[in-house]
Amino acid sequence: MMKAHESLIGQRIIKPDAAAKVTGDAKFTADLAVHRTDLLYAKALFPPYGHAKILSIDTSEAEAVEGVEIVMTAKDLPTESSNGYGLDEHDKPVLAEEKVIYEGDAVAILAARDLKTAEEAVSLIKVEYEPLPVYDDPREVFEREAGLIHEEHPFSGDSNISYSAGIDHGNIEEVFAKADVVLDNYFETPMVDHAYLEPDVCIAEPDLVQGGITIYSPQHNVQGAKKSPLRRPGTAAEQNPCNQHHCRRCIWRKRGLHF
């Protein structure tokens, strides 16, 4: 055992969860559902457009599927709750109501007794859209004529810039003058995703005694996960206990709660 005054630098440290992971004993969030028969499986419907108005949503065929317990759109959310969630600001709609601003805005969600039924039913939801202009170059949305992505956003206000910071360090002109080569150009890099093997999964279990829900998810920001979900006014984050389960990779992608 390492003594309190000894340094960890240069030492080979055994991760506390290493043995459980390599032997297969570690339980990941998806493992919790294997032998349970009291779960409903949720599936969300996402738009095929990055920017569009929602003209109509027809869920009748999905509701008629045997095994579907509930189908919800924005109009079915509790009226006393704000339709939003997020880590720093509840600015992401739980279910898009009037328009979608990227292909990750869910427009409907349902719960069924098994995953196959949920996948079948969600494909039967019909949504009519009116496509709006889409900008895939961030420089384009800096212009006023592009219109606001978020209207009255607390961070961006009346612009599409949510955050800006300046870094001023040293004399850059002096450094350039001494440099053997100076490259002045516009560079683009491809999108990068972490592509971990573990599935995105979350189990939410109502607490019938104390109220709220208990959340099980493979993330590493428990406090952020507690304040991220939609809540009714007056409901404290403490009423949403979060249990952090093993992550196959501890990366930035899992810093927040994404259902």
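Let me begin by describing the structure that accompanies this report. (Residues numbered from 1 in each chain as written. Predicted model: local features only at pLDDT ≥ 70, side-chain atom pairs only at ≥ 80, totals over all residues. Heavy atoms only, no water.)

1. Here we look at the overall build of the chain
Phase 1 of the analysis: Helices and strands together make up the secondary structure of the chain, namely 5 helices and 9 strands.
Phase 2 of the analysis: Ordering the α and β elements of the chain from the N terminus gives α-β-β-α-β-β-β-α-β-α-β-β-α-β.
Phase 3 of the analysis: When the 259 residues of the chain are sorted by exposure, 27% land in the buried category.
Phase 4 of the analysis: In the chain, the share of contacts with a sequence separation of at least 24, taken over all contacts with a separation of at least 6, comes to 70%.
Phase 5 of the analysis: Of the roughly 18800 Å² of accessible surface on the chain, a fraction of 53% belongs to carbon and sulfur atoms. (Helix = DSSP H or I, 4+ residues; strand = E, 2+ residues; numbered from the N terminus. Buried < 20%, exposed > 50% of the residue type's maximum accessible area, 1.4 Å probe, protein only. Contact = heavy atoms within 4.5 Å. Areas by Shrake-Rupley, 256 points an atom, 1.4 Å probe, with all protein chains shown as cover.)

2. Considering a negative patch on the surface
Phase 1 of the analysis: Taken together, the side chains of Glu97, Glu98, Glu151 and Glu152 make up a negatively charged region of the molecular surface.
Phase 2 of the analysis: Relative to the helices and strands, Glu151 is located in the loop between β6 (126–131) and α4 (172–178).
Phase 3 of the analysis: Note on Glu151: relative accessible area 63%, which makes it exposed. (Patch = residues over 30% accessible without salt bridge, like charges linked within 9 Å, V, L, I, M, F, W, Y side chains within 5 Å. Salt bridge = Lys/Arg side-chain N within 4 Å of Asp/Glu carboxyl O. Lys, Arg positive; Asp, Glu negative; His and termini not counted. Charge placed at Lys NZ, Arg CZ, Asp CG, Glu CD.)

3. Considering helix α3 (residues 115–122)
Phase 1 of the analysis: Thr117, Ala118, Ala121 and Val122 are the residues of α3 that are buried. For α3, the arc enclosing every buried residue in end-on projection is 125 degrees, short of the 170-degree limit, so these residues lie on one face.
Phase 2 of the analysis: For α3, the elements touching its buried residues are β1 (41–45), α2 (60–63), β3 (68–72) and β5 (108–112).
Phase 3 of the analysis: You can read the cap of α3 off the contacts: a side-chain oxygen lies 3.2 Å from the backbone nitrogen of Lys116, and it is on Asp114. (Arc of directions from axis to C-beta. Polar contact = N/O pair within 3.5 Å; in protein donor to acceptor, adjacent residues only side chain to side chain.)

4. So, the sheet that holds β1
Phase 1 of the analysis: Reading across the sheet, the 3 strands line up as β1-β5-β3 and stay open at both edges, with antiparallel pairing between neighbours. Edge positions in the open sheet fall to β1 and β3, since each of these has one partner strand only. Looking at each pair of strands side by side, their axes are set apart by 15 degrees on average, direction ignored. (Pairing = 2+ DSSP bridges. Axes fitted to C-alpha atoms, helices over the stretch in contact; angles between N-to-C directions.)

So yeah, pure geometry; function would need other evidence.
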